[in-house]
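Fold and geometry: a report
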Protein chains: 2
Amino acid sequence: MSLAAFFNPKSVAVVGASREPAHPGHVIFRNLTEGDYEGAVFPVNPKAEELFGHKCYDRVTEIKEPIELAVIVVPSKVVLDVLGDCKKKGIKHVIIISGGFKETGNLELEKKLCDFLKKSRIRAIGPNCMGVLDPYSALDTIFNPHYKSDRPGQGSISFITQSGAVGIVILDWMGMKGYNISKFISYGNAADVDECDLIEYLASDNTTSVICAFLEGAKEGRKFFDVTSKLSKKKPIIILKGGTTSAGTVAVKSHTGSLAGSAEIYGAAFKQAGIIQAQDIEEMFDFARVLSTQPMPKGKRVQVITDGGGFGVMTVDWLTKHGLELAQMQPTRLNKLKKLFPPHVVVRNPIDLTGDATAEWYQAALQEALEDPNVDMVALILLLQLPTLSPKVVELVVETARESKKPIVVISAGGRYTEVLKKSLEDSGIPTFSYPERATMALKKLEEYAAFKKAK
Amino acid sequence: MSLAAFFNPKSVAVVGASREPAHPGHVIFRNLTEGDYEGAVFPVNPKAEELFGHKCYDRVTEIKEPIELAVIVVPSKVVLDVLGDCKKKGIKHVIIISGGFKETGNLELEKKLCDFLKKSRIRAIGPNCMGVLDPYSALDTIFNPHYKSDRPGQGSISFITQSGAVGIVILDWMGMKGYNISKFISYGNAADVDECDLIEYLASDNTTSVICAFLEGAKEGRKFFDVTSKLSKKKPIIILKGGTTSAGTVAVKSHTGSLAGSAEIYGAAFKQAGIIQAQDIEEMFDFARVLSTQPMPKGKRVQVITDGGGFGVMTVDWLTKHGLELAQMQPTRLNKLKKLFPPHVVVRNPIDLTGDATAEWYQAALQEALEDPNVDMVALILLLQLPTLSPKVVELVVETARESKKPIVVISAGGRYTEVLKKSLEDSGIPTFSYPERATMALKKLEEYAAFKKAK
């Protein structure tokens, strides 16, 4: 059965919609009613008359309207009763937020749950999860109050996570940064829907262009390998693996009840399946942002443009460390630029526009680099603090980049002024990085994925 | 001659204090007059009558009052004339912001400058630099407008950099983050004052507890090694080395005119001299923040406390990867905590307070960990998005940590709400990190430095 109703249901019942403000069920119901979600919402709470102006029901079976999705936020011991009601009511999709299953050692209850789901053919996300955020439908089952946790807008990166904790941090951080998403799914113990189901669904999802996963261990290793091998050429699959050392493995076992395999085994399997492996959360989204916004490069030659010598040096360092190459622009173009700039500007690779760079110099240098057949990608370093550099440079870079079919990344770091302008670049589809190391690593992964896609 | 007048002069002349708002001399003079600097300021500009209400002078020799420091922001070809005037006026300290010396290939002018400085016994920072920011005296020669570039407040980390570009980015970023400093010095081509002079000065500077340097190449390798070997046990010296690959070396040569040695040679020499080497800018300040705020640990055993299982797993992973150990708390304490918490809380290492953690649970767990003789350091993971977790947790953690003589780091990531609370922790002397990898690496460096200091 399709998973679509998890993301765009016409109606949602929140079972356990408490009146207690710190209760997850309360926050979820509140977020659904106060947000932009346009479907019908029904609170289920036998102890309350109404919540946020909505009549409360004792159980889902009492709701007259059809329910496409139930979000279950009740103590673990009554989850099966609630599921029984869901079956009676004909609900086919449920998200079980509740914890207290195998992750706390309650293997028996987990097994009962799995058996029930299998028999009843109800599709379930969870238990022990945060559920779903879909900015397109505005469905939001995340139980963190909005004031404590930012939410990303509509984009094309989808992210799945076993760990709810990692999930909320990422969601909040992406919201603040302006990194937008297609779908966020925290699927917890995976009693029914697992990483394979989700990756298959996202591979066919129109608004998803890159699939990211934080994975502690795959439920079925062989199936996971087959699914990802089949789909990794269709869309980039980026995985951050938790629990890779032996001490980490023990910790994983305690908190999701699944055993993590060794780092080496996973690393080798990922590589063979065409999966892009990230080393940390930020790197996962470095890769995702570049892969979801930039065209495929034809080769590994990078032109660096900078207004700060030290940053140019570091970028060259990291490019070569990561196995990329310094582009050699055509002499005619370099001469053209030399005539345009004052003599102290260094025109080679990097092009160093120096501390009196202007927005127009950036535009000219970027344009020549993008048009040069010896250049495959551009790393543009923008130190926006310079007195001569107008914020107009952001518009000019966006315009110039729009005409091009070559990948561009911007490296820019600083304080509040810089962060505001970086967000504006990010909104226009140009990935920004604070440091050369991260930017060049992301370009490297883009280049590798392009080569992988091209290879038979 | 002491370098003190570079940081706390009674009077400053800005030579080249232009009326043009984008001119560095304009911005510097403006920042000095509008900021909290309490010394006398004198604009030198033969083409203007007055600037921001201050009478302009044709040359420094016309100023009647004594001048302790001249900041020179004129075209390179007139720098020597200005220095001649400075000598006549009896000025003993100058900061030469102007570029156009060896970094642009003008070796002859650089040599003339060096010769003049040597003969006249004027102490100079620069040329081709940003100069000095000292939040204690409020001296600020940074030519970036305040609206484009944040400034850090009073702290105990000092930072020196050859590259002005790297310098301004760091300054701006530290300002935004609330990472405070003792002194910032961008010294450019080092025609006179070099990294050795500065490190020696900072080692005796009362408000400096940690010395950081971004270094492309040492002017005199042997001297640098001797100076740092002598001082590294007195105060931690953290270095980020630019220009470490061969392609990077060529780029360095072009932009500061000095040749960078190989990464291996520097790496080995740094290690022998007791220098802590950082791999990137963020890591340099990760180390600096921990070393400047935390006590020395007695060993390498770390207790992890978390409210998110996934983050606990990652932290354990990185601790062991970095060569630290998981602390084993005393059974009596663990049992005490078990009685205090509901049964789903996992009390071992990590202590996982789970998704319904409260501020009081954190306080209890932290207190027991800090009092436990089997624990040398604590890594506290705070996912502040949880509905049950009050922002009061910040105060409770600060209070509990204050009683202790053990290092603590906080790992906390998210969006705007989290960033505000992290800044509050940082202000109270508790270093915060977004990710386990960085936090654990910083603890590792702290542990290494403690062992280095203890060793004969």
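Residues numbered from 1 in each chain as written. Chains lettered and ligands numbered in written order. Predicted model: local features only at pLDDT ≥ 70, side-chain atom pairs only at ≥ 80, totals over all residues. Heavy atoms only, no water.

1. Focus on the sheet that holds strand β14 (residues 276-278) of chain B
All names here are of chain B.
- Strands sit in the order β9-β8-β11-β10-β12-β13-β14 across an open sheet of 7 strands; the sheet is mixed. Each edge of the sheet is formed by a strand with only one pairing partner; in this case those strands are β9 (139-140) and β14.
- In this structure, strand β10 (residues 154-161) lies alongside strand β12 (residues 210-215), joined through 5 bridges in parallel fashion. The partner of Thr161 across the bridge, within β12, is Phe214. (Pairing = 2+ DSSP bridges. Helix = DSSP H or I, 4+ residues; strand = E, 2+ residues; numbered from the N terminus.)

2. As for the relation of the copies chain B and chain A
- Of the transformation placing chain B onto chain A, the axial shift is 0.0 Å and the rotation is 180°, giving an RMSD of 0.0 Å. Here the two chains are linked by the operation of a two-fold rotation axis. (Least-squares fit on C-alpha atoms with pLDDT ≥ 70 in both.)

3. Comments concerning helix α1 (residues 24-34) of chain B
- Among all positions of α1(B), only B:Gly25, B:His26, B:Val27, B:Ile28, B:Phe29, B:Asn31 and B:Leu32 are buried.
- Here the buried face of α1(B) lies against β1 (11-15), β2 (40-44), β3 (50-51), β4 (54-55), β5 (69-72) and β9 of chain B. (Buried < 20%, exposed > 50% of the residue type's maximum accessible area, 1.4 Å probe, protein only. Contact = heavy atoms within 4.5 Å.)

4. Some points on the packing of helix α5 (residues 195-203) of chain A against helix α6 (residues 221-231) of chain A
All names here are of chain A.
- One way to put it is that α5 packs onto α6 with a least axis distance of 9 Å and a crossing angle of 10°. Judged by the inter-axis angle, α5 sits roughly parallel to α6. Considering how the two elements wind past one another, α5 and α6 form a crossing that is left-handed. Contacts from Glu195, Cys196, Asp197, Ile199, Glu200 and Ala203 of α5 reach α6 at Lys223, Phe224, Val227, Thr228, Lys230 and Leu231. (Axes fitted to C-alpha atoms, helices over the stretch in contact; angles between N-to-C directions. Parallel < 35°, antiparallel > 145°, perpendicular 65-115°, else oblique. Left-handed = near helix turned anticlockwise from the far one by under 90°.)

5. A word on the pattern of salt bridges
- The final tally for this structure, using the stated rule, is 58 salt bridges over all chains.
- Here A:Asp85 ties to A:Arg59 by a salt bridge, and the two come within 2.9 Å at their closest N and O atoms. Remark: A:Arg59 occurs in the loop between β4 (54-55) and β5 (69-72) and A:Asp85 occurs in helix α2 (residues 79-89); sequence separation between them is 26 residues.
- B:Asp140 is paired through a salt bridge with B:Arg151; the nearest N and O atoms lie 2.9 Å apart. Residue B:Asp140 is located in strand β9, and its partner B:Arg151 is located in the loop between β9 and β10; the two are separated by 11 residues in the primary sequence. (Salt bridge = Lys/Arg side-chain N within 4 Å of Asp/Glu carboxyl O.)

6. Describing the interface of chain B and chain A
- On the side of chain A, 69 residues touch chain B, which itself brings 69 residues to the contact.
- For the pairing of chain B and chain A, the buried interface totals around 5300 Å² over both sides, and the portion due to carbon and sulfur atoms is 65%.
- Our count for the contact surface shared by chain B and chain A stands at 2 salt bridges.
- A salt bridge links A:Asp150 to B:Arg416, with the nearest nitrogen and oxygen atoms 2.6 Å apart.
- Elements represented by at least two residues in the side of chain B that touches chain A include exactly α4 (164-177), α7 (246-256), α9 (281-293), α10 (309-321), α14 (416-427) and α15 (436-454) of chain B.
- For the side of chain B that touches chain A, the element with the highest residue contribution is α10(B), accounting for 10 residues.
- Its residues assigned to classes, the side of chain B that touches chain A comprises 33 nonpolar, 22 polar and 14 charged. (Buried area = accessible area lost by both parts, 1.4 Å probe. Nonpolar A, V, L, I, M, F, W, Y, C, P; charged D, E, K, R; others polar.)

7. Observations concerning unusual backbone geometry
- In this structure, the amide linkage connecting A:Gly126 to the following residue, A:Pro127, adopts the cis form with an omega of 0°.
- Assignment of secondary structure puts A:Pro127 in the loop between β7 (123-125) and β8 (131-134).
- Residue B:Pro350 follows B:Asn349 across a cis peptide bond; omega there is 5°.
- For B:Pro350, the position within the fold is in the loop between β17 (346-347) and β18 (351-352).
- At A:Arg121, a position not held by glycine, the phi torsion is positive, near 60°.
- The exposed category is assigned to A:Arg121, whose relative accessible area is 65%.

8. With respect to the pairing of strand β11 (residues 181-186) of chain A
Residue and element names in this part refer to chain A.
- Most of β11 is tucked away, with 6 of its 6 residues classed as buried.
- As paired strands, β8 and β11 are joined by 3 bridges and run antiparallel to one another. Bridge pairing in β11 places Leu133 opposite Phe184.
- When strand β10 (residues 154-161) meets β11, the two strands line up parallel, connected through 6 bridges. Across the sheet, Gln154 pairs through a bridge with Ile181, a residue of β11.
- After leaving β10, the chain enters helix α4 (residues 164-177) and then returns to the sheet as β11, a path that is right-handed. (Right-handed = clockwise from strand over helix to strand, strands pointing away.)

9. Here's the deal with the nonpolar core
- If you look at the biggest cluster of nonpolar residues, it comprises 273 residues, and the most contacted ones within it are A:Phe285 and B:Phe285.
- The contact partners of B:Phe285, leaving out residues within four places of it in the chain, are B:Ile157, B:Phe159, B:Ile170, B:Trp173, B:Met174 and B:Cys212. (Core = buried A, V, L, I, M, F, W, Y, C linked by side-chain atoms within 4.5 Å.)

10. Some details on the packing of aromatic side chains
Residues and elements named next belong to chain B.
- The final tally for this structure, using the stated rule, is 24 aromatic pairs over all chains.
- Sitting above the plane of the Phe433 ring, Arg289 keeps its charged end 4.7 Å from the centroid.
- In this arrangement the basic side chain of Lys321 is found over the ring face of Trp318, its NZ or CZ atom lying 4.1 Å from the centre. (Phe/Tyr/Trp six-rings, centres within 6.5 Å; stacked < 30°, edge-to-face > 60°. Lys NZ or Arg CZ within 6 Å of the ring centre and 35° of its normal.)

11. Regarding the packing of helix α10 (residues 309-321) of chain A against α4(B)
- Running from N to C, α10(A) and α4(B) cross one another at 95°; their axes reach a closest spacing of 5 Å. Put simply, α10(A) runs roughly perpendicular to α4(B). In contact with A:Gly309, A:Gly310, A:Phe311 and A:Met314 of α10(A), α4(B) contributes B:Ala165, B:Val166 and B:Val169.
- A class-by-class count of the residues in the contact of α10(A) with α4(B) yields 5 nonpolar, 2 polar and no charged.

12. What to know about the confidence of the model for chain A
- Taken as a whole, chain A shows an average pLDDT of 93; of its residues, 96% reach a score of 70 or greater.
- Across the interfaces of the predicted complex, the ipTM metric reaches 0.84, alongside a pTM of 0.88. (pLDDT = per-residue confidence, 0-100.)

13. Thoughts on a negative patch on the surface
Residue and element names in this part refer to chain B.
- On the surface, Glu49, Glu50, Asp58 and Glu62 cluster together into a negatively charged patch.
- Mapped onto the elements of the fold, Glu50 is located in strand β3.
- Glu50 gets classed as partly exposed once you look at its relative accessible area, which sits at 42%. (Patch = residues over 30% accessible without salt bridge, like charges linked within 9 Å, V, L, I, M, F, W, Y side chains within 5 Å. Areas by Shrake-Rupley, 256 points an atom, 1.4 Å probe, with all protein chains shown as cover. Lys, Arg positive; Asp, Glu negative; His and termini not counted. Charge placed at Lys NZ, Arg CZ, Asp CG, Glu CD.)

14. Overview of the sheet that holds β5(B)
Residues and elements named next belong to chain B.
- Pairing is parallel across the open sheet formed by 5 strands, whose spatial order is β2-β1-β5-β6-β7. Sheet topology places β2 and β7 (123-125) at the edges, where each strand pairs with a single neighbour. On average, adjacent strands in this sheet sit at an angle of 20° to one another, irrespective of strand direction.
- The pairing of β1 with β5 spans 4 bridges and is parallel. Note on β5: the bridge partner recorded for Val14 is Val71.
- Across the sheet, helix α2 (residues 76-89) touches β1, β5 and β6 (93-96), and the angle it forms with β5 is around 170°.

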